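Letter by letter, the chains look like this.
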Number of protein chains: 2
Amino acid sequence: MSVLTTASGPAPVDEPADPPDTGERHRLTAVTGLAALSLDAVASVAYGPEAIVLVLAVAGGHGLGFTLPVTLAIAALLAVLVASYRQVIAAFPDGGGSYAVAKAHLGRRTSLVAAASLVLDYVLNVAVAVTAGVAALTSAFPELYGERVWLCLGVLALITGVNLRGVVDSARAFIVPTAVFVTSILVLIVAGLLRSAPTSTEAAAGHASVLAGNATTVGALLLLKAFASGCSALTGVEAIANAVPSFRTPRVRRAQHAEVALGAVLGVMLIGLAVLISRFHLQPVQGVTVLAQLADASLGHNAAFYVVQFATMTLLALSANTSFGGLPVLLKLLARDNYLPHVFALKADRQVHRHGVLALALVSAALLVLSGGDTNTLVPLFAIGVFIGFTVAQVGMVLYWRERRGPRWRGTAALNGFGAVLTGVCAVVVTATKFADGAWLIVVALPVLVAAFETVHRAYGRIGARLGLGRIPEPPHRDRSVVIVPVSHLSKLTSEALTAAASLGDEVRAVTVCHPDPEDRAQTEALERDWSLWDPGVPLVRIPTARRALGRPIAAYVRDLAATPGTRVTVLIPEVEPARLWQRVLQNQRGAVVAHAVRRDTDAVICRLRFRLG
Amino acid sequence: MSVLTTASGPAPVDEPADPPDTGERHRLTAVTGLAALSLDAVASVAYGPEAIVLVLAVAGGHGLGFTLPVTLAIAALLAVLVASYRQVIAAFPDGGGSYAVAKAHLGRRTSLVAAASLVLDYVLNVAVAVTAGVAALTSAFPELYGERVWLCLGVLALITGVNLRGVVDSARAFIVPTAVFVTSILVLIVAGLLRSAPTSTEAAAGHASVLAGNATTVGALLLLKAFASGCSALTGVEAIANAVPSFRTPRVRRAQHAEVALGAVLGVMLIGLAVLISRFHLQPVQGVTVLAQLADASLGHNAAFYVVQFATMTLLALSANTSFGGLPVLLKLLARDNYLPHVFALKADRQVHRHGVLALALVSAALLVLSGGDTNTLVPLFAIGVFIGFTVAQVGMVLYWRERRGPRWRGTAALNGFGAVLTGVCAVVVTATKFADGAWLIVVALPVLVAAFETVHRAYGRIGARLGLGRIPEPPHRDRSVVIVPVSHLSKLTSEALTAAASLGDEVRAVTVCHPDPEDRAQTEALERDWSLWDPGVPLVRIPTARRALGRPIAAYVRDLAATPGTRVTVLIPEVEPARLWQRVLQNQRGAVVAHAVRRDTDAVICRLRFRLG
């Protein structure tokens, strides 16, 4: 009931996707787990290869030739990450994202950095997924390209609406769309490999090429940039490690299998698409995604092409939706640790996530508008946060192994350490190369978020100390109770208010404020006449006021009364609750004015009695 | 304290511009009264002649030749109106607009029509004055013409801001700008009469003429339209009649003199300007007002020209400002008579006018945007309301004289009756001719407003009956008081809350809601251990809940308790009031959730105890 809730209990872990009372048979196997938890990872196939191609296009056709090597490097990093996360699964069978890992093993400040980067990631994931989804749509229907910002905002509004109403929070619902998408991409790849030339280039026809020339040398920096941008395809590989408790026993084994399978599927898809890009000499154009061009080239501009586009669009929308599930949980953990306002941790009557959902929707909408609905503006920003998260999680693992010093700890620690160095370098590269193009936003936002967490934490600390949290408080005692009832006329409401006041107080006083203007005075005198006629056994006190005012004079009267030691003053404000909602506008707000003034100027308890007209 | 305030007292009158406690020597003489109260009327000179010229321009140069005859007709109507309002002053020395007159003599429904037309007038006055003021400005600085809608909104924002902060409400502040404007217009007229040809046509040079051709005949309908549009110059002649109490004794005499003087000044200005328009063969152009062209022609394109433009701009802004003073007073009168929500009549701590001011600003802003900042789109709409007001007031006067049957009542009644017929015809003409150009808005808005007044009135009537207003209520009694305190942890706040509860209740119970999930259960058990250690002499009740909820279980518990006859249940919600404002975001809203649920589901009194951390 206070600003504080006790921040005790075990180290917080991400809540499992399924509620804890679900039976074992509802839990995930390796296969269903893969299908249910790989959505974010496979969805990133829609924008990862494109990010590589767009960077390399700066060096023209010669540059594009490096698509496959860069993709292979990314696949290698993927292998390292998957191996690393297999170990995370073993070490943290209760699940837990990089915030939990960092909190347990890297100290408070680093965990806050991890949390801040996760917050940014969740937000950017929404923006990237929505823009990429809309890009899939506009690739199929180019006439919608001009309206893409509005389409993005529309999709965001839809997702927000669904989440505000409360979505069925089951990972199981994601299995079918994920399977459809993966299948169609694999079919696309196989069909492409069987051809030596594109079946169709209709989708890209008439669109401006974004090829920037034809360099003869390709610098290392460009390759690094392409690598870093392409790594956005790796987002989501941590999802399985965060949800180990949702698996059927033996949990760790099944989750590890799912993780490896995820890596394999993702790797095959990335490499397969890169091979096709090279084989078809695909060149990026404005307004049509690389994936759409590949579908066109492999499958032809027919129904299959539209199936791929719709599957992509659907999957990306669902991918945006997972942020709406994940961010509020993270915010809740942060709130429980006193790093965010406790309202984010409030479990009450379905209002749990509202604050988180609305905050996420607003920030995402701003990003969509600022980026003009363009995925490729957002992807580098996204990659930074992802890499910071990967790096922090893996450094934490290294420290974990060193603490434990189990058998072969050096090998496992080295693996995690290698992964940490790789992802750390990527974070630096993508920040440096994209600084002017928006990465500065992340560089600014991250420390600001961390500082905000710290500020909130300190404030809660001070408030807790003032309240004497954790100490046994003084015993309560009983004061003499005086109840003040402001009245302006006589009615059933007055009678009801005096009954309530008499029940609550050792002494009751009705008060009325009187301004010296003739009309006011006449009204007050009429009230006093009626009062003595009624004779309710409660004195009516006239409070004179020189200036037109209602709240201040009553507050001043209350303050004077409360100055007597051992007296507790309560102000009881009766109000009519009209039968219909619109009739609320008929309320005169006198109660609100009095309550406001009394609250501001005194420590009196304010009671509000609603008299229901129904 | 309820939705109702007693709607008693004398027939409401417009509040005088000065507060009632001001001494006699601060009151107005005929001369200062004229200067202080003629602002709206003289300001309308800035758009009235232009409205005539624009209508006649449809018939080309031949049409424009009728400017002077039409103006003379308007001056004649002005004479009738002034004579009529002299009688209103005598009949209603306490002041009072057409709403008061109609309420006293024409019945409820007609008075509501008058009130609705006044509301529309106040709103349209803001829109017309702001656009005309900006037109004066853009006539002097043509490069600003493209930005006129933004300029209008800026001026409106400024006026709104000033009025929200609370403006010094003295008519006296208007004397200087009014005097400057009238003087400069009179100088302009005299200077123009001394010339036979324009000194300068620089202001209009390069602007497109709006002359539509050159007809050889001018129809009666066109003349009627010109007359009706030009009558917008008559707005404001009723202001003196509304403010008789502000005059020094003998009030009626002085006010009558001021009214006649106002008529004379206004008439001279209108006729003078019309003579100049004819003499200089002035043709309306786009982007430069007729008044600016006249200033140019009479005074030359020099400093004097800019003085006229700035004086016009200032006066029109002040004219818009008078609506912000007048509309809230009218809304207050309507609220006191139960035709509008009582919040408009609330006299409390400077918040008096906020609702009225904001409503006026919003509707005016909408009109400014819809009209594109063009005065001449708004003038006909304005004229309709003005004429309805004039007509209602004068019909009321006719009935007043017939009732009284004093000496020579037939003559005075005939005068008012003639005025009523004239203005009534004008209302019909301008509505009919401008229906498609926006007048339909008034035709729709007027009955809607009247219906709203009636609906509110009926609702207040029903609520008053339910509350037994005007009857002596049952005597109050005393119930057994049970106070419920929701707790979730132990702190000074808990102790303070139990002290308050013990003072208020015959019995106190602390309650805590417990969900079966392990974390919640552990927390509750810790609280119960601490509680028995503390032993405050108050039982701690555990309310189990199956679903995650906080408010509903407590509300259900309260409902059960309250079912015992003779028991009054109070829920006391303790809350921390942080030291700094921003720390309010740290509050966990548990109190708000509980209060909301208890208020919705039960009739219990809700008490909120603020524990100040200072």
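Residues numbered from 1 in each chain as written. Chains lettered and ligands numbered in written order. Predicted model: local features only at pLDDT ≥ 70, side-chain atom pairs only at ≥ 80, totals over all residues. Heavy atoms only, no water.

Moving on, we get to the pairing of strand β2 (residues 507-514) of chain B. Working note: regular strand, side chains alternate between the two faces of the sheet. All names here are of chain B. When you tally the buried positions in β2, you get 6 out of 8 residues, the bulk of the element. Across 5 bridges, strand β1 (residues 480-486) lies against β2 in parallel orientation. Looking at β2, one finds that V483 is bridged to V508. Alignment of β2 against strand β3 (residues 540-544), held across 5 bridges, turns out to be parallel. From the neighbouring strand, V511 faces β3, where its bridge partner is V541. Taken together, β2, helix α20 (residues 518-534) and β3 constitute a β-α-β crossover, and its handedness is right-handed. (Buried < 20%, exposed > 50% of the residue type's maximum accessible area, 1.4 Å probe, protein only. Helix = DSSP H or I, 4+ residues; strand = E, 2+ residues; numbered from the N terminus. Pairing = 2+ DSSP bridges. Right-handed = clockwise from strand over helix to strand, strands pointing away.)

Before going further, it helps to spend a moment on the relation of the copies chain A and chain B. Rotating chain A by 180° and moving it 0.0 Å along the rotation axis overlays it on chain B with an RMSD of 0.2 Å. In short, the pair behaves as if placed about a two-fold rotation axis. Judged by C-alpha distance, C607 of chain A is the residue of chain A that lies nearest the rotation axis, at 2.0 Å. The overlap is high: 100% of the interface residues of chain A also sit at the interface in chain B, so the same surface is used on both sides. (Least-squares fit on C-alpha atoms with pLDDT ≥ 70 in both. Contact = heavy atoms within 4.5 Å.)

A few words on unusual backbone geometry. For residues that are not glycine, phi is negative in most cases, and the peptide bond is trans in most cases. With an omega of -5°, the peptide bond running from T249 of chain A to P250 of chain A counts as cis. Looking at where P250 of chain A falls in the secondary structure, it is placed in the loop between α11 (239-242) and α12 (251-279). For R408 of chain B, which is not glycine, the phi dihedral falls at a positive 55°. Secondary-structure assignment places R408 of chain B in the loop between α16 (375-404) and α17 (409-433).

Attention now goes to helix α10 (residues 220-230) of chain A. Within α10 of chain A, burial applies to L222, A226, F227, A228, S229 and G230 of chain A. On its buried face, α10 of chain A sits against α3 (48-56), α5 (67-91), α16 (375-404) and α17 (409-433) of chain A.

The next thing to look at is the state of the cysteines. In total, this model carries 1 disulfide over all chains according to the counting rule given. At a sulfur-sulfur separation of 2.1 Å, the disulfide partner of C607 of chain A is C607 of chain B. The disulfide joining C607 of chain A to C607 of chain B has a torsion of about 90° about its S-S bond and is therefore right-handed. Here the residue C607 of chain A occupies a position in strand β5 (residues 605-612), and C607 of chain B occupies one in strand β5 (residues 605-612), the pair thus bridging two chains. (Disulfide = S-S within 2.5 Å.)

All names here are of chain A. Enumeration over the complete set of coordinates arrives at 26 salt bridges over all chains. Among the salt bridges present, the one from R568 reaches D479, with a minimum N-O distance of 3.5 Å. Here D479 lies in the loop between α18 (435-467) and β1 (480-486) and R568 lies in strand β4 (residues 567-577), a separation of 89 residues in the sequence. Under the relative-accessibility criterion, D479 is labelled buried at 12%. (Salt bridge = Lys/Arg side-chain N within 4 Å of Asp/Glu carboxyl O.)

What follows concerns helix α8 (residues 148-165) of chain B. Helical geometry note: an α-helix holds 3.6 residues per turn, so side chains three or four residues apart project in the same direction. Across its 18 residues, α8 of chain B extends 26 Å between first and last C-alpha, which sits within 8% of the 26 Å expected from 1.5 Å per residue. Buried residues along α8 of chain B sit in contact with α7 (108-140), α14 (303-336) and α15 (354-371) of chain B. (Expected span 1.5 Å × (residues − 1).)

With that settled, the discussion passes to the nonpolar core. In terms of nonpolar packing, the biggest core is built from 150 residues, with L294 and L334 of chain A touching the most fellow members. Sort the elements by how many residues they give to this core and helix α7 (residues 108-140) of chain A lands first, with 19 residues. Other than its neighbours up to four places away in sequence, L294 of chain A contacts L188, L273, L276, I277, F280, L282 and L299 of chain A. V130, A191, I388 and Y400 of chain B belong to the second largest nonpolar core, which has 149 residues in total. (Core = buried A, V, L, I, M, F, W, Y, C linked by side-chain atoms within 4.5 Å.)

The sheet built from 10 strands is open, its strands ordered β3(A)-β2(A)-β1(A)-β4(A)-β5(A)-β5(B)-β4(B)-β1(B)-β2(B)-β3(B) with mixed pairing. The open sheet terminates on both sides in strands that have one partner only, identified here as β3 (540-544) of chain A together with β3 of chain B. Between one strand axis and the next, the sheet turns through 30° on average, direction left out of account. In this structure, β5 of chain A lies alongside β5 of chain B, joined through 3 bridges in antiparallel fashion. Within β5 of chain B, the residue paired with I606 of chain A across the bridge is R608 of chain B. Relative to the sheet, helix α19 (residues 492-504) of chain A contacts β1, β2 (507-514), β4 and β5 of chain A together with β1, β4 (567-577) and β5 of chain B, its axis offset from that of β4 of chain A by approximately 150°. The strands touched by helix α22 (residues 590-601) of chain A are β1, β4 and β5 of chain A together with β5 of chain B; relative to β4 of chain A, the strand with the most contacts, the crossing angle is about 160°. (Axes fitted to C-alpha atoms, helices over the stretch in contact; angles between N-to-C directions.)

Residues and elements named next belong to chain A. Tallying each qualifying case throughout the model produces 13 aromatic pairs over all chains. Considering the side-chain rings of W531 and W534, the 5.4 Å spacing of their centres and the 90° angle between planes classify their relative orientation as edge-to-face. One end of the pair, W531, and the other, W534, are both in helix α20 (residues 518-534), 3 residues apart, so they sit about a helical turn from each other. Taken together through their ring pairs, the aromatic side chains of F141, F305, Y306 and F310 make up a single cluster. The positively charged end of R148 is found above the aromatic ring belonging to Y145, 4.2 Å away from the centroid. (Phe/Tyr/Trp six-rings, centres within 6.5 Å; stacked < 30°, edge-to-face > 60°. Lys NZ or Arg CZ within 6 Å of the ring centre and 35° of its normal.)

For the rest of this paragraph, the subject is the interface of chain A and chain B. If you look at the interface, chain A gives 95 residues, while chain B gives 95 residues. Together, the buried faces of chain A and chain B total about 8800 Å²; carbon and sulfur atoms form 59% of this surface. The tally of links from chain A across to chain B stands at 4 salt bridges. The closest approach of N and O atoms between R568 of chain B and E496 of chain A, which form a salt bridge, is 3.3 Å. Remark: the boundary between chain A and chain B carries 28 residue pairs in polar contact (both at pLDDT 80 or more). (Buried area = accessible area lost by both parts, 1.4 Å probe. Polar contact = N/O pair within 3.5 Å; in protein donor to acceptor, adjacent residues only side chain to side chain.)

Attention now goes to the packing of helix α3 (residues 48-56) of chain B against helix α10 (residues 220-230) of chain B. All names here are of chain B. At their nearest, the axes of α3 and α10 sit 7 Å apart, and the two run at 160° to each other. Taken as axis vectors, α3 and α10 run roughly antiparallel relative to one another. Where α3 crosses over α10, the two elements pack in a sense that is right-handed. Facing α3, whose interface residues are G48, A51, I52, V55 and L56, α10 presents L222, L223, K225, A226, S229 and G230. Counted by class, the contact of α3 with α10 contains 7 nonpolar, 3 polar and 1 charged residues. (Parallel < 35°, antiparallel > 145°, perpendicular 65-115°, else oblique. Left-handed = near helix turned anticlockwise from the far one by under 90°. Nonpolar A, V, L, I, M, F, W, Y, C, P; charged D, E, K, R; others polar.)

All names here are of chain B. At their nearest, the axes of α8 and α15 sit 10 Å apart, and the two run at 175° to each other. If you check the angle between α8 and α15, you find them roughly antiparallel. The residues of α15 that touch α8, namely those facing V149, C152, L153, L156, T160, N163 and L164, are R354, V357, L358, A361, S364, A365, L368 and V369. Split into classes, the residues belonging to the contact of α8 with α15 amount to 11 nonpolar, 3 polar and 1 charged.

Turning next to the side chain of T178 of chain A. Mapped onto the fold, T178 of chain A is located in helix α9 (residues 175-193). Filtering out sequence-adjacent residues up to four positions away, T178 of chain A remains in contact with A35, S38, L39, V42 and L315 of chain A.

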